[in-house]
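Report on the structure
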Amino acid sequence: MDENSAKVLLVRFNKDWWILNFDFLYNQGDAKKKIGRAQEFLSACKTMLRKKEYSPHVLIYLIWSTAELILDAKFLLHGQKTKNDHDERKKKLISPIGNSFFSPNFQSLLLTLYKIRNGARYGNKDYSRKYSIKDFRAYVKTLGEEMRKW
């Protein structure tokens, strides 16, 4: 058995006494890897926020990448593996399953970032005016809170 498999414990003491235990946290090893990468991205976000001069475009993309890694890891742990497709992840996030796994702040953050990430990625100048450092700090705080739930 490895950390990416389900675990079942079955003990029979006599004809009437059984112990059953199931651990269906799928893909724990893969989820740990994703969380490790998310922590690296979150650390980069925090470093960027400490600097006086930073690029909002890069920060938006770092925050979005962190959020999507968190989303993938949590779905892996609940047997809801997603395709490597942003639209598929978004559909699962807003589904009843996604609503039960994530805080409303995290869902709102990720849905907002799905709308703006491509503009940020390709250098749309409006982002430096629309989002303040206060917004970015709130996003990073939300990501940290979601990661602490592990």
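Residues numbered from 1 in each chain as written. Predicted model: local features only at pLDDT ≥ 70, side-chain atom pairs only at ≥ 80, totals over all residues. Heavy atoms only, no water.

1. Topic: the nonpolar core
Going by this rule: Only buried residues count toward a nonpolar core. Its members are Ala, Val, Leu, Ile, Met, Phe, Trp, Tyr and Cys residues joined through side-chain atoms within 4.5 Å. Relative accessibility under 20% of the residue-type maximum defines a buried residue, over 50% an exposed one, and the middle range a partly exposed one, all with a 1.4 Å probe and only protein chains included. Under the scheme used here, helices are H or I runs from DSSP no shorter than 4 residues and strands are E runs no shorter than 2 residues, and both carry numbers assigned from the N terminus. We call two residues contacting when some pair of their heavy atoms lies within 4.5 Å.
Ile63, Phe106, Leu110, Phe136 and Leu143 are the most contacted members of the largest nonpolar core, which totals 36 residues. When residues of this core are traced back to their parent elements, those giving at least two are helix H1 (28-50), helix H2 (56-77), helix H5 (104-121) and helix H7 (133-148). By residue number, the principal contributor to this core is H2, which donates 13 residues. If we skip the residues at most four places from it in the chain, Phe106 touches Ala67, Ile70, Leu71, Thr142, Leu143 and Glu146.

2. Re a positive patch on the surface
Defined as follows: Surface patches are drawn from residues lacking salt bridges whose relative accessible area is over 30%; two like charges belong together within 9 Å, two nonpolar side chains (Val, Leu, Ile, Met, Phe, Trp, Tyr) within 5 Å. Surface exposure here means Shrake-Rupley accessible area, sampled with a 1.4 Å probe, where a residue is shielded only by the protein chains that are shown. Any Lys or Arg side-chain nitrogen located within 4 Å of an Asp or Glu carboxyl oxygen qualifies as a salt bridge. Charged residues are defined here as Lys and Arg on the positive side and Asp and Glu on the negative side; His and the ends of the chain fall outside this count. Taken as the charge location is NZ of Lys, CZ of Arg, CG of Asp or CD of Glu.
Taken together, the side chains of Lys46, Arg50, Lys51, Lys141 and Arg148 make up a positively charged region of the molecular surface. Of all the elements in the fold, those that place two or more residues in the positive patch are H1 and H7.

3. As for the pattern of salt bridges
As enumerated under the stated definition, the model contains five salt bridges in all. With its nearest N and O atoms 3.3 Å apart, the salt bridge here joins Arg89 to Glu68. Taken together, the positions of Arg89 in helix H3 (residues 86-94) and Glu68 in helix H2 put the pair 21 residues apart, joining distant regions of the chain. The class for Glu68 is buried, based on a relative accessible area of 6%.

4. Observations regarding H1
Because each turn of an α-helix spans 3.6 residues, side chains separated by three or four positions end up pointing in the same direction. As a reminder of what qualifies: Take the number of residues in a helix, subtract one, and multiply by 1.5 Å to get its expected span.
With 23 residues, H1 should reach 33 Å at 1.5 Å per residue; the first-to-last C-alpha distance of 33 Å fits that figure. Restricting attention to buried positions, one finds in H1 the residues Gln28, Gly29, Ala31, Ile35, Ala38, Leu42, Cys45, Met48 and Leu49.

5. Here's the deal with the packing of H1 against H2
The condition that has to hold: Helix axes use the C-alpha atoms of the stretch in contact, all axes being lines fitted to C-alpha atoms, and the angles between their N-to-C directions lie in the range 0 to 180 degrees. Roughly parallel means an angle under 35 degrees; roughly antiparallel, over 145; roughly perpendicular, 65 to 115; everything else is oblique. Should the near helix be turned anticlockwise from the far one by less than a right angle, the crossing is termed left-handed; should it be turned clockwise, right-handed.
Closest axis-to-axis distance for the H1/H2 pair is 8 Å, and the angle between their directions is 160 degrees. It follows from the interaxial angle that H1 and H2 lie roughly antiparallel. Regarding H1 and H2, the two cross each other, and that crossing is left-handed.

The quantities given are spatial measurements derived from coordinates; they are silent on function.
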